[in-house]
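Here are the chains, one letter per residue:
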Amino acid sequence: MKQVTSVNLIPLCILRILEKYSDAQSPVTQEELGELLTKEYGITCERKALGRTLRRMKEQLDIDIRSGRNGCWVERRGFTGPEILFLGRL
């Protein structure tokens with residue numbers, strides 16, 4: 001069984017932060033996302049790594065993360081089947 005580390009939890013933590021703090025009217029920047037990861041979960045992550053993680057979450061997990069000039073937000077709330085399977089593999 002794979003050991004759970006903070007690196008494994010980054011996608012889940014990002015999703016929880018986006019669901020809690022963002023929407024189309026108030027997006028979260030990658031800088032704010034990094035600060036919230038540290039504040040709420042004690043996880044540090046570089047801006048470029050956050051960008052790669054967000055891209056993988058959109059492409060591989062099909063999470064409806066939108067982005068604009070002022071940041072990103074999650075459009076749809078709740079987990080889908082593939083997301084639940086992904087979280088179960090952590």
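Details of the structure are given in the entry above.
In this numbering scheme, every chain counts its residues from 1 along its sequence in written order. Local features in this predicted model are restricted to residues whose pLDDT is 70 or higher, and side-chain atom pairs enter the listing and the counts only when it is 80 or higher, whereas totals over whole chains, interfaces and linings include all residues. With hydrogens and water set aside, each side-chain value is computed from the structure's full complement of heavy atoms.

Visitor: Kindly report on the side chain of Thr 53, identifying the contributing residues and their values.
Guide: As for its placement among the helices and strands, Thr 53 is situated in helix H3 (residues 47-60). Relative accessibility under 20% of the residue-type maximum defines a buried residue, over 50% an exposed one, and the middle range a partly exposed one, all with a 1.4 Å probe and only protein chains included. Relative accessible area serves as the criterion here: at 8%, Thr 53 is assigned to the buried category. Note on conventions: DSSP H or I runs of at least 4 residues are helices, E runs of at least 2 residues are strands, and numbering of each starts at the N terminus.

Visitor: Let's hear about unusual backbone geometry: which residues, and what values?
Guide: A negative phi holds for most residues other than glycine; trans holds for most peptide bonds. The phi dihedral of Asp 62 is positive, around 55°, even though this residue is not glycine. Among the structural elements, Asp 62 can be located in the loop between H3 and strand S1 (65-68).

Visitor: Just give me the short version of the pattern of salt bridges, but keep the residues and values in it.
Guide: When a carboxyl oxygen of Asp or Glu is within 4 Å of a side-chain nitrogen of Lys or Arg, the pair counts as a salt bridge. Under the criterion given, the structure shown has 2 salt bridges. Note that Glu 40 is salt-bridged to Lys 20, the shortest N-O span being 3.7 Å. With Glu 40 in helix H2 (residues 30-41) and Lys 20 in helix H1 (residues 6-21), this residue pair connects regions lying 20 residues apart in the sequence. Given the relative accessible area of 28%, Glu 40 is considered partly exposed. By relative accessible area, which is 58% here, Lys 20 ends up exposed. Where Asp 64 meets Arg 66, a salt bridge forms, and the shortest distance between an N and an O atom there is 2.8 Å.

Visitor: Mind laying out the environment of Leu 33, listing which residues take part and the relevant values?
Guide: Locating Leu 33 in the fold gives a position in helix H2. With 38 residues separating them in the primary sequence, Leu 33 and Gly 71 have C-alpha atoms 9.4 Å apart. What Leu 33 contacts, discounting residues up to four positions off in sequence, is Ile 14, Ile 17, Leu 18, Val 28, Leu 50 and Leu 54. Contacts were defined at the residue level, with two residues in contact if any of their heavy atoms lie within 4.5 Å.

Note that every value here comes from positions in space, so none of it alone points to a role or purpose.
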